[in-house]
Amino acid sequence: MSEPRIIVGAIAGSFGVHGDVRLKSFCADPQAIADYSPLFTEDGARSFDVTLKQSIKNGFVVSLSGVKTKEDADALKGVTVFANRDQLPSLPDDEYYYTDLIGLEVFDTGGTKLGEVRLVVDHGAGDLLEVHAPNLREPALLPFTKAAVPTVDLASKRIIADPPEGLFE
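Since this is a predicted model, take the numbers as computed values, not measurements.

Draft legend 1. Expanded view of the packing of aromatic side chains. Scanning the entire structure with this criterion turns up one aromatic pair. One residue, arginine 158, lies across the ring of phenylalanine 107, its end atom 4.1 Å from the ring centre.

This is how it looks when you write it as structure tokens:
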């Protein structure tokens, strides 16, 4: 099995005529994206060493290993880039990478299994855990707040939730 990877940015297109690209960073410290080199395409077929050249609006101008021409850079427009999970910094106890939450089993405070986290979404008003349960026609969107999710135990691969009334009915 390949090493887990986390999305850290996206290539927004070429910059100039010498193969440089515009890279949008999704990192808390945007410049840290270069520290996670090499970066990989989603399928893992390609990897790139990253060299930051300058800051621009909404990202950076970077050179990527193996990208030599404007045409090479143009071909990468829209490609998301990923870093190996172990390259990323450790987080405080109350923060999580989305990828670490996917696959966790969700139990209510009484110990009843509610389902499994399949996706984490953020539509701007806060994170939501998409929980799939066999008794539900549609996945439940559990607010990822201290009130609704008081316990996340990564070691046990489980979440203890106190969901809003009616969410899992």
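Draft legend 2. Quick look at the nonpolar core. Counting residues in each nonpolar core, the largest one holds 23 residues, and the members touching the most others are Val8, Tyr36, Leu39 and Leu64. If you list the elements that add at least two residues to this core, you get strand S1 (5-15), strand S2 (20-25), strand S6 (59-64) and strand S7 (80-84). In this structure valine 8 touches Lys24, Ser25, Phe26, Cys27, Ile33, Tyr36, Leu39, Val81, Phe82, Ala83 and Leu88, once residues within four positions along its chain are discounted. By size, the runner-up hydrophobic cluster in this structure holds 18 residues, among which are Val117, Val131, Leu142 and Val149.

Draft legend 3. View of the environment of leucine 64. Among the structural elements, leucine 64 can be located in strand S6. Taking the C-alpha atoms as reference points, leucine 64 and serine 14, 50 residues apart in sequence, are found 11 Å from one another. Leaving out residues up to four positions away in the same chain, leucine 64 has contacts with Ile11, Val21, Phe48, Asp49, Val50 and Leu76.

Draft legend 4. The sheet that holds strand S9 (residues 113-122), seen in detail. Taken together, the six strands give an open sheet; going across it, the order is S11-S10-S9-S8-S13-S12, and neighbouring strands pair in mixed fashion. The open sheet has two edge strands, strand S11 (140-143) and strand S12 (151-153), and neither has a second partner. Geometrically, the sheet is characterised by an average inter-axis angle of 35° between neighbouring strands, direction not taken into account. Sheet topology note: the S9/strand S10 (residues 127-132) ladder contains six bridges and is antiparallel. Residue valine 121 lies in a different strand from S10, and its bridge partner there is leucine 128.

Quick notes on the rules
Residues numbered from 1 in each chain as written. Predicted model: local features only at pLDDT ≥ 70, side-chain atom pairs only at ≥ 80, totals over all residues. Heavy atoms only, no water. Phe/Tyr/Trp six-rings, centres within 6.5 Å; stacked < 30°, edge-to-face > 60°. Lys NZ or Arg CZ within 6 Å of the ring centre and 35° of its normal. Core = buried A, V, L, I, M, F, W, Y, C linked by side-chain atoms within 4.5 Å. Buried < 20%, exposed > 50% of the residue type's maximum accessible area, 1.4 Å probe, protein only. Helix = DSSP H or I, 4+ residues; strand = E, 2+ residues; numbered from the N terminus. Contact = heavy atoms within 4.5 Å. Pairing = 2+ DSSP bridges. Axes fitted to C-alpha atoms, helices over the stretch in contact; angles between N-to-C directions.

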